[in-house]
Amino acid sequence: MRHTYLWFLQLVTGVLIAVLLAIHLVIMHLDAILGLFGVDVADAPSWESMMGRSIQGVWAGLYIALLAVVLYHALNGLRGIILELAPSATTERIVTWVIIAFGIVAFIGGTYVPVALLAG
Amino acid sequence: MKQIQPRQNYLGPGGWVWAGKYKLERYLYLLHRITGLGILFFLLIHLCMTTIFRLQGQDVWQATIALLQNPWFKIGEYLVCVAFVYHALNGLRLILQELGFAMGRPTPPVYPYKDALRKKRPWTITLVAVIIILALVFFYDFIVGGW
């Protein structure tokens, strides 16, 4: 793929992360403020609350989407940093494939848990 | 005829930590990269915790949550939080400017010239001020003890 498309995706995922991560952080840390609006997240990092969210399709979908965009944004950024050292074409190809492989492994690992919990 | 030296201002990997006489935006870019790498490091730990540890059941999960109450982890959490805020807001600035917003109107090149960087500078400085204020607010919340 042309680098301009990768860069444009970097911008798009950046905006998506700003939205999704904001939801994630507010749920996890601003429970007192959410309480003022009548939303009860019941101590979000606790086991019961976390499992309660895991078995809801909306939350599982939201977290899988967050994982996908975060992995793309992080690994594409890391690749950009490495490629700035102007390595040879072979090294560049190796770096690219190692990063793609790592991203796929991390995505499968991160998706397995909510999917397994959803399946019961 | 004077020979043009290629990549005269190329700093190499040294430029990843020190940008010499370059201006503010270059240092914001350096911080953007450092915070990005820091968040990536945090992401790996976070993913390990939320996948491997979670599969081992309730006890391991609760022990991990209890471990995170450690003051050193609180400091780490604070750093990650500030890095997030910085990376998000500076990234927003980069996206807006990449797409051509907040650059001011084009003006004829009459002396004294006003280059694009200087036209964008007020926004940039406002942004830095917002980030510093947020960092102080989070410092109060995470380190001092909060509300």
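Let us look at the structure shown here. Please read all numbers here as calculations on a predicted model, not as lab measurements.

Here's the deal with the nonpolar core
Line of reasoning, step 1. Counting six residues, the largest nonpolar core consists of Ile17(A), Tyr63(A), Leu67(A), Val70(A), Leu71(A) and Ala74(A).
Line of reasoning, step 2. Considering every element that reaches this core, the biggest residue donor is helix H4 (residues 57–83) of chain A, with five residues.
Line of reasoning, step 3. Once residues within four sequence positions are removed from consideration, Leu71(A) is found in contact with Gly103(A), Ala106(A) and Phe107(A).
Line of reasoning, step 4. If you look at the next biggest cluster of nonpolar residues, it comprises five residues, including Val82(B), Ala83(B), Phe84(B) and Tyr86(B).

What about the interface of chain B and chain A?
Line of reasoning, step 1. Contact residues are listed per partner, giving 17 residues for chain B and 16 residues for chain A.
Line of reasoning, step 2. Elements supplying a minimum of two residues to the side of chain B that touches chain A: helix H1 (24–55), helix H2 (58–67) and helix H3 (71–98) of chain B.
Line of reasoning, step 3. For the side of chain B that touches chain A, the element with the highest residue contribution is H1(B), accounting for eight residues.
Line of reasoning, step 4. Split into classes, the residues belonging to the side of chain B that touches chain A amount to nine nonpolar, five polar and three charged.

Quick look at helix H4 (residues 116–144) of chain B
Quick reminder: α-helices carry 3.6 residues per turn. Residues three or four places apart thus point the same way.
Residues and elements named next belong to chain B.
Line of reasoning, step 1. Between the first and last C-alpha of H4 there are 41 Å, a value that for 29 residues agrees with the 42 Å anticipated at 1.5 Å per step.
Line of reasoning, step 2. Most pronounced at Pro 122, the bend in H4 amounts to some 40°.
Line of reasoning, step 3. Directly after H4, the chain includes Gly 145, whose backbone phi takes a positive value near 135°.

Description of unusual backbone geometry
Line of reasoning, step 1. Cis geometry is found at the peptide bond from Tyr111(B) to Pro112(B), where omega equals -5°.
Line of reasoning, step 2. Following the sequence through the fold, Pro112(B) ends up in the loop between H3 and H4.

So, the packing of H4(A) against helix H5 (residues 89–119) of chain A
All names here are of chain A.
Line of reasoning, step 1. Where H4 contacts H5, the axes come no closer than 10 Å and their chain directions differ by 165°. As the angle between them shows, H4 and H5 are arranged roughly antiparallel. H4 and H5 meet at a crossing whose hand is right-handed. Two secondary-structure elements touch here, H4 through Gly 57, Ala 60, Tyr 63, Ile 64, Leu 67, Ala 68, Leu 71, Leu 75, Leu 78, Arg 79, Ile 82 and Leu 83 and H5 through Glu 92, Val 95, Thr 96, Ile 99, Phe 102, Gly 103, Ala 106, Phe 107, Gly 110, Thr 111, Pro 114 and Leu 118.

The rules behind these values
- Residues numbered from 1 in each chain as written.
- Chains lettered and ligands numbered in written order.
- Predicted model: local features only at pLDDT ≥ 70, side-chain atom pairs only at ≥ 80, totals over all residues.
- Core = buried A, V, L, I, M, F, W, Y, C linked by C-beta atoms within 7 Å.
- Buried ≥ 20, exposed ≤ 12 C-beta atoms within 10 Å, placed from the backbone.
- Helix = DSSP H or I, 4+ residues; strand = E, 2+ residues; numbered from the N terminus.
- Contact = placed C-beta atoms within 7 Å.
- Nonpolar A, V, L, I, M, F, W, Y, C, P; charged D, E, K, R; others polar.
- Expected span 1.5 Å × (residues − 1).
- Bend = angle between axes of the 7 residues up to and from the residue.
- Axes fitted to C-alpha atoms, helices over the stretch in contact; angles between N-to-C directions.
- Parallel < 35°, antiparallel > 145°, perpendicular 65-115°, else oblique.
- Left-handed = near helix turned anticlockwise from the far one by under 90°.

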